[in-house]
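Examining the three-dimensional arrangement
Listed below are the residues making up each chain.
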Amino acid sequence: MITLFAHVARGQNETYLQPFSSLLAINPSFAGYNKNTNFAAGNQYYYLNENQAYNLFYTTYDKYSEKLKGGIGVWLQYGITGHNNISTTELGFAYSGFERKFSGGRIIFSANTALLFATKQWFAYTLDKLLLSKTDPPSLPGKKFTQYYLIKPGLGFLCEINSISFGLSGNVPFHFNLTHEGEEGYQKPLKTPVNLSFYLSKKVGGNRRGLKSSPFEALPELIVFYNQEFVLSRASLKITHTEHSFGFFVQNDFTNNIHCLGGTLGYRYNNTTVNLNTGIGVPGISDEIGVTCELSLNVLIPPVHYSKIKPWVPKRK
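Keep in mind the model is a prediction, meaning the values are calculated, not measured. (Residues numbered from 1 in each chain as written. Predicted model: local features only at pLDDT ≥ 70, side-chain atom pairs only at ≥ 80, totals over all residues. Heavy atoms only, no water.)

Some points on the overall build of the protein
Across its full length, the protein holds 2 helices and 16 strands. Expressed as a percentage of the 317 residues in the protein, the buried residues total 43%. For the protein, restricting intrachain contacts to residue pairs at least 6 apart in sequence, the fraction spanning at least 24 positions comes to 57%. Total accessible area on the protein stands at roughly 17,400 Å², and carbon and sulfur atoms take up 64% of it. (Helix = DSSP H or I, 4+ residues; strand = E, 2+ residues; numbered from the N terminus. Buried < 20%, exposed > 50% of the residue type's maximum accessible area, 1.4 Å probe, protein only. Contact = heavy atoms within 4.5 Å. Areas by Shrake-Rupley, 256 points an atom, 1.4 Å probe, with all protein chains shown as cover.)

See the structure below:
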């Protein structure tokens, strides 16, 4: 599978991180994909230096609804931006449907929306309350606990032609301050940005049209993450065989000039998969010896076609 992903966002209002192990987080058009039920949870950590680090916990769930004739998805993300003591909590919903079939393929459309709420980290806020006097300056981002929130409506599509899949999704985040101009921590909203993600893949080996064509499945992948304040890319190769998977990746943070080389290990038991991706900055070509790490749990439950009269007969399309 070859994957290309781009994302445009505002660095001061996001956590700098994007889940790599959840297709729903990449493109909401994957909600209920192939009528499967999917659950994913993970934690992603990116350490640049002693003054700058980011952490993101995420969980996603999606399934296909016969009544709605499409997929529904929900996600929850909790992120921490270490250098300015900001915590972000995002809750999102997606609907994927309006499927249109054509010769050799199909296209699926989706609509989604999310609410992101940003606050001062509770630990820093509590320490300020306990240790600082009224005349002492508070720690970043200021005295107030609540900072801002974003409303992010979006649209997307996913197209399949034979063994090739590609898609585009995007949202427009509307910024609303919870602090007032002149207060510490106040963030002046910039022009409304657009968040975009582009996805491209091609199956190599493994299952094809329900048949096992090879015991191995190779997944070359390229991800590009673009923000108004930084540019990040990841190129990887993952090979899956029965219960085990392994691979390697190269991640380039062009803005901070940190280039990480890392590996991937995974284990699958029935429908459950655990993956670990970790890498470290290469000395000599990186300004900082950064560290990137993502641990994820994925559960995929395929649809069950069952007939009480003829239980051995597959469901008709």
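A closer look at a nonpolar patch on the surface
Where nonpolar side chains cluster on the molecular surface, the patch consists of Phe 57, Tyr 78, Trp 122, Phe 123, Leu 127, Leu 130, Leu 131, Leu 132 and Phe 145 and spans about 920 Å² of accessible area. Of the residues forming the nonpolar patch, the biggest block, 5 residues, is contributed by helix α2 (residues 122-131). By the secondary structure assignment, Tyr 78 is in strand β3 (residues 70-81). (Patch = residues over 30% accessible without salt bridge, like charges linked within 9 Å, V, L, I, M, F, W, Y side chains within 5 Å. Salt bridge = Lys/Arg side-chain N within 4 Å of Asp/Glu carboxyl O.)

Regarding the pattern of salt bridges
Under the definition given, this model contains 5 salt bridges. The partner of Glu 90 in a salt bridge is Lys 152, and the shortest N-O contact between them spans 3.0 Å. Within this pair, whereas Glu 90 is found in strand β4 (residues 86-102), its partner Lys 152 is found in strand β6 (residues 146-161), the two being separated by 62 residues in sequence. In terms of burial, Glu 90 and Lys 152 fall into one category: buried.

Overview of the packing of aromatic side chains
The full count for this structure, using the stated rule, is 7 aromatic pairs. Centre to centre, the rings of Phe 30 and Tyr 199 are 5.0 Å apart; their planes meet at 85 degrees, and the pair counts as edge-to-face. Here the residue Phe 30 occupies a position in the loop between α1 (23-26) and β1 (37-49), and Tyr 199 occupies one in strand β9 (residues 195-202), the gap between them amounting to 169 residues. The exposure class of Phe 30 is buried, given its relative accessible area of 5%. When the ring of Tyr 149 is compared with that of Phe 176, the centres are 5.0 Å apart and the planes differ by 15 degrees; the resulting orientation is stacked. On the criterion of sequence distance, the pair formed by Tyr 149 in strand β6 and Phe 176 in strand β8 (residues 174-177) is long-range, its members being 27 residues apart. One aromatic cluster in this structure is built from Phe 30, Tyr 33 and Tyr 199. (Phe/Tyr/Trp six-rings, centres within 6.5 Å; stacked < 30°, edge-to-face > 60°.)

Focus on the environment of Ser 139
Within the secondary structure, Ser 139 is located in the loop between α2 and β6. Overall, the relative accessible area of 23% leaves Ser 139 in the partly exposed class. Through-space distance from the C-alpha of Ser 139 to that of Asn 84 is 8.4 Å; in sequence the pair is 55 residues apart. Setting aside its immediate chain neighbours within four residues, Ser 139 contacts Asn 85, Lys 120, Ala 124, Asp 128 and Leu 132. Engagement of the side chain of Ser 139 in a polar contact is seen with the side chain of Asp 128, the distance being 2.8 Å. (Polar contact = N/O pair within 3.5 Å; in protein donor to acceptor, adjacent residues only side chain to side chain.)

What to know about the nonpolar core
Listed in full, the 7 residues of the largest apolar core are Leu 17, Tyr 46, Leu 48, Tyr 54, Leu 56, Ile 258 and Cys 260. Every element with two or more residues in this core is listed here: β1, β2 (52-65) and β14 (258-269). Setting aside anything within four residues of it in sequence, one finds Leu 48 in contact with Tyr 54, Asp 253, Asn 256, Ile 258, Glu 288 and Gly 290. (Core = buried A, V, L, I, M, F, W, Y, C linked by side-chain atoms within 4.5 Å.)

Details of the pairing of strand β13 (residues 244-253)
Direction of pairing for strand β12 (residues 231-241) relative to β13: antiparallel, over a ladder of 10 bridges. Each residue of the ladder has a partner; that of Ser 233, found in β13, is Asn 252. Taking the residues that link successive antiparallel strands as the turn, the β12-β13 hairpin has 2 residues, and the phi of Thr 242 there is positive, at about 55 degrees. For β13 and β14, the ladder comprises 10 bridges, and the chain directions are antiparallel. Pairing of Asp 253 across the sheet is with Ile 258, part of β14. Counting the residues between successive antiparallel strands, the hairpin from β13 to β14 contains 4 residues, one of them, Asn 257, with a positive phi of roughly 55 degrees. (Pairing = 2+ DSSP bridges.)

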